[in-house]
Amino acid sequence: MAFLKAKIYDILGIFTALFFLFGQGVMWYAYGGDTESYYIYFAHHIEAKPLYPLFFHVLNMIFGDALYLYAAAVIQMVFAVLCIMTFVRFLSRHLELELFSIFCVWAASLLPFVLLLPEDPVPHVLMTESLTYPLMYLYVTVILKGIWEQKLCFLYVGGLLTVLMTLIRGQMLFLTAVTLLAFVYDRIRSHVGAGDPAGAQTVKRAEKYKRSIVFVLFLVLCVWSESLLTRGYEAFFFHAPAQDYSAQTLVQKALYCSEEKDRELFDDETDRQIFEETYAGMQEEQTTWQYAPGDLWDWKHITGSFGANSYRVGDVIEKVLTERGMWPEDRMEQESLVLVYSGHLSAKLIPAHMGRFVEVSVRMMPAGFISTVLFHKESIYLLIHIAAAVLYLAAVGLSIAVSVRNGGIVREAEYMMFIVVTATVNVVSSNLVHFGLQRYLAYTVGMFYVGGYLLLRRCFLSRRKRKAVSQASEL
């Protein structure tokens, strides 16, 4: 038993590697929907952040065309094993887990890598998620280390990890908000019950404000540096201008929320023609809000419509500008014009339908929360919604109950609430800006169930301790 406890992390690391090699239906690499379009061929793509294409480019220079994708898969698998085991080891040490609990935490940590099968065999698939999923385990470890060990420097490391992850996948920018919330909680936690004299409290309050301002400025600098590095990458390697892809993301929802009478919003003839022709096509394909089924599968109609509308408006912009002699030959200038005219549409349509714009985002969120804890199955979809709500309510309720029973917030509750907050911020931000597919939101699935197990374990240990105390007092 002593040998097993000493080697448990090595053993579980080996089992993790074996699971990745033989338990996901693919041994080496797999193509995803965006693999060939954005990543493995080193070229300019406004949708792609720089680090993942650079990752393949460097591997291609080292290993050559025949081997570099195999090398990528091996690196991704090894990296995933290391990140997961770092997470498991951290929780084991700080929560004093026994062998059985270590095994349960490890098994639960692998859930996202099972849930996304067979479409996305992370870490085999050549998509950004094969790096950002493992990095999420490292991010959570770093943030909790900063809170539990009262080391503010690790919250700064969390901010830097956010920059790294955003440079791989733009969606991960949501972790900036999570990092800020973690910092606010850490500051409140560290100053509760200080009980210092009035003068000392004044000094501490001033120091607290100073630290808060510095940390907020640090996060702002992180966001700015990520944007600057992305622009520098495009300019250095491809001589491409700075382009903001959010215009094309927002126009999908703006068009979905539009109505035929919105043609009157456009004074410019080119903008009006683009909208009219786009809207006519959307009516033919039934990709506007009027055609939503009005049930629990609304999100599927919405996300499908967004994709169709995005392609359609791009084609219409090219057609209209070509007819007017305004379509350039240069590809990058073409991209810029699509973004410019997409921005024109969004600037008029979103204010005109702000309520519907928010409503559509909210209608997608229940499915988003399901993606953070369960799967989507049509035959029992109502039950899945109910189960997801019960899981979240249980997680929050049990965290509060355990902390109240123990006379103060316990680490298991802190962990669970941090995961709930992280998942919630991801769901809300993803659906406000774009939309939330399962692979966008399943980052915390395993960590959620880890938290559930840890809370139940804490309840069991507390009950056993009270029982032992009661028996001792009777003696």
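Residues numbered from 1 in each chain as written. Predicted model: local features only at pLDDT ≥ 70, side-chain atom pairs only at ≥ 80, totals over all residues. Heavy atoms only, no water.

Q: Help me out: how do you make sense of the side chain of Ser305 in this one?
A: Locating Ser305 in the fold gives a position in helix H13 (residues 298–323). The residues touching Ser305, leaving out its near neighbours within four places in the chain, are Tyr256, Gln286 and Thr287. (Helix = DSSP H or I, 4+ residues; strand = E, 2+ residues; numbered from the N terminus. Contact = heavy atoms within 4.5 Å.)

Q: Is there a simple way to explain the environment of Phe19 in this structure?
A: Along the chain, the position of Phe19 falls in helix H1 (residues 2–22). When the C-alpha atoms of Phe19 and Ala66 are compared, they prove to be 25 Å apart, with 47 residues separating the residues in sequence. Excluding anything up to four places from it in sequence, Phe19 contacts Gln24, Leu110, Phe113 and Val114.

Q: Looking at this structure, I do not really get the nonpolar core. What am I missing?
A: As a rule of thumb, soluble globular proteins bury nonpolar side chains together. Membership of the largest hydrophobic core comes to 129 residues, with the highest contact counts inside it found for Phe56, Leu91, Met136, Tyr139, Val140 and Tyr415. The greatest single-element share of this core, amounting to 14 residues, is contributed by helix H4 (residues 68–95). The residues touching Leu91, leaving out its near neighbours within four places in the chain, are Glu96, Leu97, Val105, Trp148, Tyr415, Val450 and Leu454. (Core = buried A, V, L, I, M, F, W, Y, C linked by side-chain atoms within 4.5 Å. Buried < 20%, exposed > 50% of the residue type's maximum accessible area, 1.4 Å probe, protein only.)

Q: Please clarify how helix H12 (residues 269–285) should be interpreted in this entry.
A: Along an α-helix, residues three or four apart share an orientation, since each turn contains 3.6 residues. Helix length check: H12 (17 residues) gives 24 Å between terminal C-alpha atoms against 24 Å at 1.5 Å per residue, within 8%. The set of residues buried in H12 consists of Thr270, Asp271, Gln273, Ile274, Phe275, Thr278, Tyr279, Gly281 and Met282. Where H12 is buried, its residues touch helix H11 (246–256), H13 and helix H14 (331–352). Taken from the residues just after H12, Gln286 is the one with a positive phi, measuring 55°. (Expected span 1.5 Å × (residues − 1).)

Q: Looking at this model, I keep getting lost on the pattern of salt bridges. Mind explaining?
A: Close approach of charged atoms allows side chains with opposite charge to pair. Inspection of every chain in the model, using the stated rule, returns 18 salt bridges. Taking the shortest distance from any N to any O, the salt bridge between Arg439 and Glu129 comes out at 2.6 Å. One end of the pair, Arg439, is in helix H18 (residues 438–441); the other, Glu129, is in helix H7 (residues 129–148), with 310 residues separating them in the sequence. Per residue, the accessibility class of Arg439 equals that of Glu129, and both read buried. As a salt-bridge pair, Arg363 and Asp298 come within 3.1 Å of each other at their nearest N and O atoms. Pair noted here: Arg363 is in helix H15 (residues 354–371) and Asp298 is in helix H13, with a separation of 65 residues, a long-range link. A residue is classified by how much of its surface remains accessible, and Arg363, at 25% relative accessible area, is partly exposed. (Salt bridge = Lys/Arg side-chain N within 4 Å of Asp/Glu carboxyl O.)

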